Amino acid sequence: MVLALLCLAARLASRACAPARGFGTRTLGVDFGLRRTGLAVSAGIAPLPIGIIDDQSANLTAVAAQVVRAARSEGASQLVLGMPYNSSGGEGEQAVATRRFGELLAREAAPRPVYLWDERFSSAEASMRANAGDGAARGQSIDDVAAAIILEEFFEGDFASAELIAPPPEERRGARAHARLVQPPPPPSHAEVRAAMMARAAAQSGGTSGGANGQGGRRRKKKR
């Protein structure tokens, strides 16, 4: 019943509704940040941190492409992006940025689905786990550990209710329209080139002949 209501709400919001898959499904976990993005992979047991993408301020589309390459390399059939809701469950600035990145990621990852999952406490848990429980050292990157924790919570929770995210339909239409606009015109055919050359030759010949006839006509009129 709950899933049906979620699907209905998603349809009303013009989003597709397809439940995420659980244990046995190779999944890439993504902990997105404004400076770094951590990655982990799992099929439901013992998520494994696999890396961190650094220096991503220049181009988030390129970051999304790197994430998708990792998903392909790991054989992941779905992606789970951690969503940093605030303590009340709302969406603050970081959540808005994450949702926007999720739209870019969904466009790059298609047809692999991308789901959002509540990650409010994953970073704190990752910090506590770092260095055998001693906590993260100053400057230490633990984003990939946070991505692994996102996958743990995803598989242990009600994963089928995860929000499926997709790029807005109007953005997809705009991209297709832009692609049509920038396409160069097709090259002329051989017959069109030949016809154009013959037309130019005829025009030049007619102009020269007409000019000569005109001058000759005027000279003949003078003789009379």
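Residues numbered from 1 in each chain as written. Predicted model: local features only at pLDDT ≥ 70, side-chain atom pairs only at ≥ 80, totals over all residues. Heavy atoms only, no water.

1. Some details on the overall build of the protein
Counting its secondary structure elements, the protein contains 7 helices and 6 strands. The buried share of the protein, taken over its 224 residues, is 34%. Looking at the protein alone, contacts between residues at least 24 apart form 67% of all its contacts between residues at least 6 apart. Carbon and sulfur atoms form 56% of the exposed surface of the protein, whose accessible area is close to 13500 Å². (Helix = DSSP H or I, 4+ residues; strand = E, 2+ residues; numbered from the N terminus. Buried < 20%, exposed > 50% of the residue type's maximum accessible area, 1.4 Å probe, protein only. Contact = heavy atoms within 4.5 Å. Areas by Shrake-Rupley, 256 points an atom, 1.4 Å probe, with all protein chains shown as cover.)

2. Focus: the packing of aromatic side chains
Across all of its chains, the model carries 5 aromatic pairs by this definition. Look at Phe32 and Phe101: their rings are 4.3 Å apart centre to centre, the planes differ by 10°, and that puts the pair in the stacked class. Placement of Phe32 in strand β1 (residues 27-32) and of Phe101 in helix α3 (residues 93-109) is noted, with a sequence separation of 69 residues between them. Classification of Phe32 by relative accessible area gives buried; the value is 4%. Counting every residue linked through ring pairs, the aromatic cluster contains Phe23, Trp117, Phe154, Phe155 and Phe159. (Phe/Tyr/Trp six-rings, centres within 6.5 Å; stacked < 30°, edge-to-face > 60°.)

3. Structural notes on the packing of helix α2 (residues 60-74) against α3
Remark: α2 packs on α3, axes separated minimally by 9 Å, with the N-to-C direction vectors making an angle of 50°. In terms of their interaxial angle, α2 and α3 are classed as oblique. Our pair here, α2 against α3, has a crossing hand that is right-handed. On α3, the residues touching Leu60, Thr61, Val63, Ala64, Ala65, Val67, Val68 and Arg72 of α2 are Phe101, Leu104, Leu105, Arg107, Glu108 and Ala109. Of the residues belonging to the contact of α2 with α3, the class tally is 10 nonpolar, 1 polar and 3 charged. (Axes fitted to C-alpha atoms, helices over the stretch in contact; angles between N-to-C directions. Parallel < 35°, antiparallel > 145°, perpendicular 65-115°, else oblique. Left-handed = near helix turned anticlockwise from the far one by under 90°. Nonpolar A, V, L, I, M, F, W, Y, C, P; charged D, E, K, R; others polar.)

4. Some words on the sheet that holds strand β3 (residues 48-53)
Here we have 6 strands laid out as an open sheet, ordered β3-β2-β1-β4-β5-β6, and mixed in their pairing. At either end of the open sheet lies a strand with only one pairing partner, and these are β3 and β6 (163-165). Put simply, the sheet's adjacent strands are angled 30° from each other on average, direction ignored. The pairing of strand β4 (residues 78-83) with strand β5 (residues 114-118) spans 5 bridges and is parallel. (Pairing = 2+ DSSP bridges.)

5. Focus on helix α5 (residues 143-156)
An α-helical segment advances 3.6 residues per turn. Residues three or four places apart therefore align on the same side. For α5, with 14 residues, the first-to-last C-alpha span of 20 Å sits near the 20 Å given by 1.5 Å per residue. With 10 of its 14 residues buried, α5 lies for the most part within the structure. Among the residues of α5, Asp143, Asp144, Ala146, Ala147, Ala148, Ile149, Ile150, Leu151, Phe154 and Phe155 are the ones counted as buried. (Expected span 1.5 Å × (residues − 1).)

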